[in-house]
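What follows is the residue order along each chain.
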Amino acid sequence: QFLLGESDVGQNRAEASQRVLAELNPHVVVAAHTGELSEAFLASFQVVVLTESPLEEQLRIGDFCHARGICFIVADAKGLAGQLFCDFGECFVVDDPAEGDPVRAAVQHISQGNPGVVTYVGAEDSRGHLFCDGDLVTFSGVEGMTELNGREPVPVHVLDAFRLEIGDTSSFSPYRCGGLVSQVRLPQVHSYEPLRWALAEPQIQVANPEDLPRSRSLHAAFQALHAFRGEQGRLPRPRAPADAERVLELARSLVAQEGPLDEDVVRAFASVSAGDLCPMAAVVGALAAQEVLK
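So, a few notes on the structure that sits alongside this text. (Residues numbered from 1 in each chain as written. Predicted model: local features only at pLDDT ≥ 70, side-chain atom pairs only at ≥ 80, totals over all residues. Heavy atoms only, no water.)

### Details of the pattern of salt bridges
Tallied over the full model, the rule gives 16 salt bridges. When the shortest N-O distance is used, the salt bridge between aspartate 76 and lysine 78 registers 3.5 Å. Under the relative-accessibility criterion, aspartate 76 is labelled buried at 4%. The salt bridge partner of arginine 163 is aspartate 160, with a shortest N-O separation of 2.8 Å. What you see here is one network of salt bridges that share partners, running through Glu245, Arg252, Glu263, Asp264 and Arg267. (Salt bridge = Lys/Arg side-chain N within 4 Å of Asp/Glu carboxyl O. Buried < 20%, exposed > 50% of the residue type's maximum accessible area, 1.4 Å probe, protein only.)

Take a look at the structure:
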């Protein structure tokens, strides 16, 4: 709705949106496709994003993209709820697995021992531990215990806010002064499951574990909504108890073996699922766009 006006009513939404999108950046080619989403058409893309798509179409295209190594995203907003699914293939490399710059600290002392203990000075504005157990670090500019300079990254064990264990330094030269200890972030390889598998065993991401039952209920509600639409040919009518109860029945059948269902959440979701709210579309769309940039 952000790109359309009253004059666009009755026109194909993709074609009407294309004209406005193309004006945002003349260096980006924006094309509207109004035909079938065939495998021949999809094969040329690196990333495919589906929205407002029937579940059958999601599964078909998701299977195709997974088999071809094409990143696949489903993004949807229904009323006051949204969903986002990502399948980046079986071998997706994350070059920078953490936010912010890698940590660096000035070395004060390094003991000779097994394990050797590094004492360091944190920045004035740092709070808590700079490093975490298992972090990989390298050393540079160390005088005396020069064997550490330029070595391969070594894992650390955090003792407190200013001390790290780094392994056996008993055979190294005594430490004299100076040096930096720097965190190293190695690329991580992640494997993603296709949508068909993820629907059966979802790995739902929540900020607070207490929100997981509610999120699982919404996960079932979205699937029940697909079933309702396939059954009735439409979305549930706003604030229609009969439609909400039917969505609830379908959701119950989906989660019979997955734990309790928050029925109030499912009813509330069904009652407003026909609504399209710009703020919800903006939030889910922004998250999907962030995933595309990965």
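Read on for the rest.
### A word on the sheet that holds strand β8 (residues 154–155)
Pairing in this open sheet of seven strands is antiparallel, and the strands run β8-β7-β11-β5-β6-β10-β9 from one edge to the other. With partners counted over all chains shown, the strands left at the sheet margins are β8 and β9 (157–160), one partner each. Where strand β7 (residues 136–140) lies against strand β11 (residues 180–184), five bridges are found, and the strand directions are antiparallel. Residue pairing for β11: phenylalanine 139 is matched across the bridge by valine 181. (Pairing = 2+ DSSP bridges. Helix = DSSP H or I, 4+ residues; strand = E, 2+ residues; numbered from the N terminus.)

### Considerations on the nonpolar core
Among the nonpolar cores identified, the biggest contains 21 residues, and Ile110, Phe131, Phe139, Leu164 and Val181 are the most heavily contacted of them. Contributions of two or more residues to this core are made by β5 (104–110), β6 (117–121) and β7. Sort the elements by how many residues they give to this core and β5 lands first, with three residues. Sequence-distant contacts of leucine 164, defined by excluding residues within four places in its chain, comprise Gly116, Val117, Val118, Tyr120, Phe131, Val156, His157, Val158 and Val181. Of all hydrophobic cores here, the second largest spans 20 residues; its members include Ala81, Leu218, Ala244 and Ala270. (Core = buried A, V, L, I, M, F, W, Y, C linked by side-chain atoms within 4.5 Å. Contact = heavy atoms within 4.5 Å.)

### Details of the layout of surface pockets
A volume near 2,200 Å³ is recorded for the largest pocket. What lines the largest pocket is a set of 48 residues, among which Arg13, Ala14, Leu21, Val49 and Thr51 lie closest to the centre. Looking at which element gives the most residues to the lining of the largest pocket, the answer is helix α8 (residues 278–293), with eight residues. Taken together, 47 residues line the second largest pocket, and the ones lying closest to its centre are Leu84, Phe85, Cys86, Gln203 and Gln205. Within the residue set of the lining of the second largest pocket, elements represented by two or more residues are α3 (55–68), β3 (81–87), β4 (92–94), α4 (195–200), α5 (212–232) and α8. The biggest single contributor to the lining of the second largest pocket is α5, with seven residues. Class assignment of the residues belonging to the lining of the second largest pocket gives a composition of 25 nonpolar, 13 polar and nine charged. (1 Å grid on protein atoms, 1.4 Å probe; cavity = no way out; pocket = protein on both sides within 12 Å on 5 of 7 lines; lining within 4 Å. Points joined across faces, edges and corners; volume = space filled by probe spheres on them. Nonpolar A, V, L, I, M, F, W, Y, C, P; charged D, E, K, R; others polar.)

### What to know about α5
For α5, with 21 residues, the first-to-last C-alpha span of 30 Å sits near the 30 Å given by 1.5 Å per residue. Within α5, the full set of buried residues consists of Ser215, Ser217, Leu218, His219, Ala220, Ala221, Phe222, Gln223, Ala224, Leu225 and Phe228. Of the surrounding secondary structure, the elements contacted by the buried residues of α5 are β2 (71–78), β3, α4, α6 (241–254) and α7 (263–272). Just past α5, the residue glycine 233 takes up positive phi, approximately 75 degrees. (Expected span 1.5 Å × (residues − 1).)

### Remarks on the pairing of β11
As a general feature of sheets, a regular strand has side chains that alternate between the two faces. By the bridge criterion, three bridges tie β5 to β11 in an arrangement that is antiparallel. From the neighbouring strand, alanine 105 faces β11, where its bridge partner is valine 181.

### Comments concerning the sheet that holds strand β1 (residues 47–50)
As summarised here, the arrangement of the three strands in space is β1-β2-β3, forming an open sheet in which the pairing is mixed. Looking along the sheet, the strands with just one partner apiece sit at the ends: β1 and β3. The average angle at which neighbouring strand axes cross in this sheet is 10 degrees, direction not considered. Across seven bridges, the pairing between β2 and β3 is antiparallel. Bridge assignment links alanine 75 to a residue of β3, and that residue is leucine 84. Against the sheet, α3 makes contact with β1, β2 and β3, and its axis sits at roughly 155 degrees relative to β2, the strand it touches most. Sitting on the sheet, α8 is in contact with β1, β2 and β3, with an inclination near 170 degrees to β2. (Axes fitted to C-alpha atoms, helices over the stretch in contact; angles between N-to-C directions.)

### Points about a nonpolar patch on the surface
On the surface, Leu84, Val283 and Leu287 cluster together to form a nonpolar patch covering roughly 240 Å² of accessible area. Take leucine 287: it is sitting in helix α8. (Patch = residues over 30% accessible without salt bridge, like charges linked within 9 Å, V, L, I, M, F, W, Y side chains within 5 Å. Areas by Shrake-Rupley, 256 points an atom, 1.4 Å probe, with all protein chains shown as cover.)

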